[in-house]
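What follows is each chain in one-letter form.
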Number of protein chains: 4
Amino acid sequence: MTATDTTARGGASADARADVVAALRAQTIEVPSWAFGNSGTRFKVFPHAGVPRDPYEKLADAGQVNLYTGIAPRVSLHIPWDKVEDYDDLARHAKEQGVSIGAINSNLFQDDDYMLGSLTHASPRIRAKAVAHHLECIEIMRATGSRDLKIWLPDGTNYPGQDSISGRQDRLAESLAEIYAALGADQRLILEYKFFEPYTYTMDIPDWGTSLLHCLALGERAMVVLDTGHHAPNTNIEFIVAQLLRAGRLGAFDFNSRFYADDDMMVGAADPFQLFRIMYEITSNGALAADSGVSFMLDQNHNIEPKIQGQIRSIMNIQEATAKALLVDAEALLAAQLAGDVLGANSLFMDAYNTDVRPLLADIRAAQGLAPDPIAAFTASGYVAKVAAERVGGTQAGWGA
Amino acid sequence: MTATDTTARGGASADARADVVAALRAQTIEVPSWAFGNSGTRFKVFPHAGVPRDPYEKLADAGQVNLYTGIAPRVSLHIPWDKVEDYDDLARHAKEQGVSIGAINSNLFQDDDYMLGSLTHASPRIRAKAVAHHLECIEIMRATGSRDLKIWLPDGTNYPGQDSISGRQDRLAESLAEIYAALGADQRLILEYKFFEPYTYTMDIPDWGTSLLHCLALGERAMVVLDTGHHAPNTNIEFIVAQLLRAGRLGAFDFNSRFYADDDMMVGAADPFQLFRIMYEITSNGALAADSGVSFMLDQNHNIEPKIQGQIRSIMNIQEATAKALLVDAEALLAAQLAGDVLGANSLFMDAYNTDVRPLLADIRAAQGLAPDPIAAFTASGYVAKVAAERVGGTQAGWGA
Amino acid sequence: MTATDTTARGGASADARADVVAALRAQTIEVPSWAFGNSGTRFKVFPHAGVPRDPYEKLADAGQVNLYTGIAPRVSLHIPWDKVEDYDDLARHAKEQGVSIGAINSNLFQDDDYMLGSLTHASPRIRAKAVAHHLECIEIMRATGSRDLKIWLPDGTNYPGQDSISGRQDRLAESLAEIYAALGADQRLILEYKFFEPYTYTMDIPDWGTSLLHCLALGERAMVVLDTGHHAPNTNIEFIVAQLLRAGRLGAFDFNSRFYADDDMMVGAADPFQLFRIMYEITSNGALAADSGVSFMLDQNHNIEPKIQGQIRSIMNIQEATAKALLVDAEALLAAQLAGDVLGANSLFMDAYNTDVRPLLADIRAAQGLAPDPIAAFTASGYVAKVAAERVGGTQAGWGA
Amino acid sequence: MTATDTTARGGASADARADVVAALRAQTIEVPSWAFGNSGTRFKVFPHAGVPRDPYEKLADAGQVNLYTGIAPRVSLHIPWDKVEDYDDLARHAKEQGVSIGAINSNLFQDDDYMLGSLTHASPRIRAKAVAHHLECIEIMRATGSRDLKIWLPDGTNYPGQDSISGRQDRLAESLAEIYAALGADQRLILEYKFFEPYTYTMDIPDWGTSLLHCLALGERAMVVLDTGHHAPNTNIEFIVAQLLRAGRLGAFDFNSRFYADDDMMVGAADPFQLFRIMYEITSNGALAADSGVSFMLDQNHNIEPKIQGQIRSIMNIQEATAKALLVDAEALLAAQLAGDVLGANSLFMDAYNTDVRPLLADIRAAQGLAPDPIAAFTASGYVAKVAAERVGGTQAGWGA
């Protein structure tokens, strides 16, 4: 089978196929530095051989992901895990690995002071400390050329009555305003929400509505981050994507997949059809383009699978979902929708989903000089054995370091 | 035990007790006309003897609820179920029963035209029809002196691809704007959200964020309605209450309870502690007062239990939750919260919840000349047997009529 | 692309392909008579033109499903909805339509007596009535040659304290034993479980464990029915399939799909990957074969989409999931699993899922003299317009009749 | 108010009150040694001052819980965390603290070998290692006089296809049989189930049905452990309690509470009404008695609240729920249930729940020479400050040690 056959069955003409290929070639996905370190559950972190011991080694691994996929040119950093002496040097090293620095992620969950909150804490001293941490992150953004300050607020409470829900909102609004004021004119604050965890009764930003209200209060450069694992059971995530795009406030995705909670598995592993529906909202609303303001990022753990390959696989899964979304015959679909043809519209949608786009993507990779099967090519390269042999001693990177 | 003992254990002084009593005496709850008709599941509607056959009989039943509880002076109507020839006459009848007309509820789910949507339908004709229905409702509001136009939008889709998520939002925004423009200066549009049902893939207003965005676009007299049964599993509802109050956009509650989906059981039956937490957000944020703009309404089915008693029981459950919420020792709680005393703050909260407030409410009823046990008194009145004997022939009211 | 290409990519040799084709050709799916009648939600049943008015017309519609798919030779009946004067005549009519009678479904949810229970009711009279209904069903099984008595027990309670959980189990066990005793030696009792609905606090058979315990107590011809829409959120259904197969007690599937509750949508519409995983447990555990004792049935509503086409689409979706499951390279997968190659095993599994099997199924249909696209062929036949014109007057079939 | 008033309102006579008091005085609850160590989430473990550094100190803390509540005479141990040189000495030390050794818990989640499973692992070597660990635990049971070997199996998979669901069941059955065979005639194997975590796709014992099937296969001394936090969203836990009691296979509870996942919060903190309903199934089915074979244990984390007080509070919450359950007027309830009086039966149930039983429990404590408010008395004792001063240096106990 050739890719032409594929797209033909998807209903696209040769011109349309060219558009699909162009869109896929323009797509980029940002990978997180922490995906290359060890991670786990509250019960156990299983160590893996060859795991990076510092930000330089993480960037080297990220460079491999980009080398074999061709669409992962940026790496998110996490502060303080990725603090270095010389950010110019780090940026230079990144460039050598073929990547650049993406979003800067702050950390509000690992300081003993933050047990009862950070930006929301009742104590002005602790709030000031948490704000100051973000001012440091903004400095690092300037040093590394990063555009986005990403804030995941882990704050919340475990017990009813433990703290005032609205009091915490007020303190949060004040803290965020201080941070926002420190941003440069070309920098953004992107604000994540999460349904639960680490706290078990309230989260201070549990849903997209809360994140959006804070963004609206802050200003135009405050945008919502949608992590695909951060919702209540059964939530329709593509609806939220559409809603945030309609409001002009979707700043970024944290992609991963889950069956239960915030499982942080490889993207598309749990529900590839959901991933397709999400990407369809992106493509059909014109948000795939580089200038859409939507940043596509991974955020996941590879607790039991190899980490670099896990990143590559996630990227391939997003590419396949994107390709399928682009293959939806928009004209025919609109006609069926306007005609109230429920089954016909659904069939057109499923036709694209049921298409095997792997040959198309293999063609695109080949045209770029990449191996058609990135995981096989990476595995064959011997990189894993090489770093396992080299990275001996020191402390493996992980969430705690 | 006396009520004094109760409040004493709750930590309140005599002055505080007077405040609690005053707040409880000022509380009002609106009952829905449809709660007195037959209802059921998609599998079966079980008929009950004595069920009203027209709006006049529904108001008579609602009058009984108010007669025995003393805090249910308003009745929501549902159009077209409660359409009559002469609304002046209906209002006069309501007054005779000791009640007045509350919110007017529109109906967007029972016309064959609305199978694929109403205010969101792809067809301009059907959207215009749905808008016109609301203009009729506004006329009825004028005729009955009703302040609130309540819209529960049942629109949605069942299958991925069936319709455009954002296209439907655009059409919804347009339809709502037409309705809002027809409201009088002292009238409000209150907009409900619902997670799922009757549609199974998307709902066009599935969450508080979507409802709020539409309200913000409409204007200051558009407010969100929170139905306690309309959320994803595990959603923290009191957080949403706090958030909507903070935004100044909580217009009304539809109270009921649920274990699974939108079960529409008696209020407080499934999770009385959740009801307490919700009422605590109300009382602690000053939203119980009559001038807060928050309307407290019931919306439930009594499929297998007697309907009038089901309404009375729900009201009593809300009263008890409210009394407990008012008994929280605010000063001590704030001190514990500011001190980071997790267990102490939770204990103070639970102390109020664990208080038996039934004696206090019995005292308040007695002071108002009401029987201390409203259900026992109603049962003893013989009303049920009387209407069962009288209401013979005709068609019992229900969701379909 | 040819089907050969497809299977080649799935990793199967020519011999393996022949096995896949043989297994797909042997697969049969039973359709429910009630799927051709009107259905809906508690809010509204939308009528459709041409809907059958009696069991004969339902069988005619079911005959169409089999005519175009070639794998739907049996039709489940629902008593009393499908009661007729002469079952020999009905069986003869079925045969003329190319189908035969499958399972007999009892109805325990539409009699006023059953408001508080049927087989579990506190009243011996009502339990006896419910048992007697099943004895009548067994008579109909004899008259129609049906093997399976399917019991979905809708019994439950809405309020804590309403009835004794264990008392109801005892009464249920007794009622089921009476029914089981009346079965012939070649007949089975297949017992469904459901998480919630129509009751909202307890269901008397809410989970597979409860159903299995009753089956174990009854005897070897009592088997569990798994309805894919009858589980708690996030439940791993394929695990239950594997578990029931291991216990030798999986009697049948009721296939449908859902995003939220028991949505009863077309099979595979909500989560095609889940359907694939379920079918993989079937194929990999040898339970697809006709003699496995597992009956594959549809149970769904077509509230807004055309009903015959909805059934055809569901069957096609099951076929595609089955084909993909059969394409899993079992040998390679086992090797990866034994080697602890998490990513490799998952990749092999996904390779089969990502294969486009529509060409393969089109080839199989062509080889059987069927149209490659069953829905297009059925639509082109003009049957819908014909029955819409013919079926005028009378009462359309639905859940209430 | 006196306790007599309380029980009077609950509808109980003086004789009945004596029965209630007797049942409450006979109740015992087992506490886990690990609750006194540090715990947390995957994001952070917050250290607390005064946390024990070895099993001896844990037992001392547990002794405090029993000293102030009077109903916590046993302590569960966790192996290897609580391994010591001399178990006689440990038992002697326990006795000095006023407690004895309860269940022995094995650990299958912290060895690097167990990344892909323990009792279910594909490797015979690793399964043998996991079995051997349990043989060691059985030795410790003999040394400490423990009756129950508690197995929580954390095994599972993260990705579809990663391993064979039924293959893992077969290996599990084999491993469990080896362990069971090593038990003494007066020892039990109690087997826990868990919906998800630490694995995110399958758990090898995800539900009560799976645990029960294994217990049935093992023999009469294999019983199911119900952890209240280990179920799918919306699961009716009291139904499972009733079902396991009916099957004679409820071996033990792990009590805790949760809003979302396995949050392991203080018992009764999230849903006190659910706790009451659970305890009602216990009391109404005669399973509170010491000879019922049901062991009542706590299993929770105190991540942000003080640990000893968290245990005391949990025990008090269970006591209150038990007292309320005992106050249900069984005779009147049965009459209402048999009469089909839905509202009346629910009201009787709620009357007991709404009773303030704190005075009754204070009376019982006073009669035992205990302080009426255990937390206040413990706080006043100065124990916390004392151990914080004494326990300096060494390594605080936690899940990792």
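About the cut-offs
Residues numbered from 1 in each chain as written. Chains lettered and ligands numbered in written order. Predicted model: local features only at pLDDT ≥ 70, side-chain atom pairs only at ≥ 80, totals over all residues. Heavy atoms only, no water. Contact = heavy atoms within 4.5 Å. Buried area = accessible area lost by both parts, 1.4 Å probe. Salt bridge = Lys/Arg side-chain N within 4 Å of Asp/Glu carboxyl O. Polar contact = N/O pair within 3.5 Å; in protein donor to acceptor, adjacent residues only side chain to side chain. Helix = DSSP H or I, 4+ residues; strand = E, 2+ residues; numbered from the N terminus. Nonpolar A, V, L, I, M, F, W, Y, C, P; charged D, E, K, R; others polar. Buried < 20%, exposed > 50% of the residue type's maximum accessible area, 1.4 Å probe, protein only. Arc of directions from axis to C-beta. Expected span 1.5 Å × (residues − 1). pLDDT = per-residue confidence, 0-100. Least-squares fit on C-alpha atoms with pLDDT ≥ 70 in both. 1 Å grid on protein atoms, 1.4 Å probe; cavity = no way out; pocket = protein on both sides within 12 Å on 5 of 7 lines; lining within 4 Å. Points joined across faces, edges and corners; volume = space filled by probe spheres on them.

As for the interface of chain D and chain B
Contact with chain D, which involves 35 residues of that partner, is made by 34 residues of chain B. Together chain D and chain B conceal approximately 2,900 Å² of surface at their shared face, both sides included; 52% is due to carbon and sulfur atoms. Of all residues in chain D, the largest losses of buried area upon contact with chain B belong to Asn234, Leu343 and Arg358 of chain D, amounting jointly to 21% of the total for that side. The salt bridge involving Arg358 of chain B is made with Asp351 of chain D; its shortest N-O contact spans 3.0 Å. Taken together, the connections running from chain D to chain B amount to five residue pairs in polar contact (both at pLDDT 80 or more). For the side of chain D that touches chain B, the secondary-structure elements that each account for two or more residues are α1 (3-9), α9 (272-284), α10 (307-327) and α12 (342-354) of chain D. Counting residues per element, the side of chain D that touches chain B draws most heavily on α12 of chain D, at eight residues. Tallied by class, the residues present in the side of chain D that touches chain B amount to 16 nonpolar, eight polar and eleven charged.

Details of the environment of Tyr159 of chain C
Looking at where Tyr159 of chain C falls in the secondary structure, it is placed in the loop between β5 (156-157) and α6 (165-181). As for Tyr159 of chain C and Thr202 of chain C, which are separated by 43 residues in sequence, their C-alpha atoms are 8.1 Å apart. Each residue touching Tyr159 of chain C, except ones within four places of it in the same chain, is listed here: Met265, Met266, Ala269 and Glu305 of chain B, Tyr201 of chain C together with Val342 and Asn346 of chain D. At 2.9 Å, the side chain of Tyr159 of chain C forms a polar contact with the backbone nitrogen of Met266 of chain B.

Observations concerning helix α14 (residues 374-381) of chain A
All names here are of chain A. Every buried residue of α14 is listed here: Pro374, Ile375 and Phe378. Mapping the buried residues of α14 onto a view down its axis gives an arc of 95°, with all of them on the same face. Buried residues in α14 make contact with α3 (55-69), α10 (307-327), α13 (358-367) and α15 (383-390). Here α14 starts with a cap whose side-chain oxygen sits 3.2 Å from the backbone nitrogen of Ile375, and that cap is Asp373. Looking one or two residues beyond α14, the residue adopting positive phi is Gly382, at roughly 80°.

Some words on helix α6 (residues 165-181) of chain D
Here α6 of chain D spans 25 Å end to end across 17 residues, near enough to the 24 Å set by a 1.5 Å rise per residue. Of the positions making up α6 of chain D, those classed as buried are Ile165, Ser166, Gly167, Arg168, Gln169, Arg171, Leu172, Ser175, Leu176, Ile179 and Tyr180 of chain D.

A look at the confidence of the model for chain A
Residue and element names in this part refer to chain A. With 97% of its residues at a pLDDT of at least 70, chain A reaches an overall mean of 95. Of the regions scoring below 50 in pLDDT, residues 1-11 engages in 25 contacts with residues more than four places distant in sequence or in other chains. Predicted complex metrics record ipTM = 0.96 and pTM = 0.97.

Section: the side chain of Ser106 of chain C
All names here are of chain C. Tracing the backbone through its elements, the reader meets Ser106 in the loop between β3 (100-105) and α5 (124-144). At 2.8 Å, the side chain of Ser106 and the side chain of His134 are in polar contact. Not counting residues within four places of it along the chain, the set of residues in contact with Ser106 comprises His78, Ile79, His133, His134, Cys137, Lys150 and Ile151.

Overview of the relation of the copies chain D and chain B
Of the transformation superimposing chain D on chain B, the axial component is 0.0 Å and the angular component is 180°, with the fit at an RMSD of 0.0 Å. A rotation of that kind, with that shift, is consistent with a two-fold axis.

Concerning the layout of surface pockets
Within this model, the largest pocket holds a volume of roughly 760 Å³. In terms of lining residues, the largest pocket is bounded by 35 residues, among which Gln309, Ile375, Ala376 and Thr379 of chain B together with Leu343 of chain D are the most central.

Here's the deal with the pattern of salt bridges
Using the criterion set out here, one finds 124 salt bridges over all chains in the structure. For Asp204 of chain A, the salt bridge is made with Arg168 of chain A, and the minimal N-O distance between the two is 3.0 Å. Remark: Arg168 of chain A occurs in helix α6 (residues 165-181) and Asp204 of chain A occurs in the loop between β7 (202-203) and α7 (208-218); sequence separation between them is 36 residues. Of the two residues, Asp204 of chain A and Arg168 of chain A, both sit in the buried class. Linking Lys386 of chain C and Glu390 of chain C is a salt bridge whose minimum nitrogen-to-oxygen distance equals 3.7 Å. On the criterion of helical spacing, the pair formed by Lys386 of chain C and Glu390 of chain C is a turn pair, its members being four residues apart in helix α15 (residues 383-390). On the accessibility criterion, Lys386 of chain C (44% relative accessible area) is partly exposed. Here Glu390 of chain C falls in the partly exposed class, since its relative accessible area comes to 47%.

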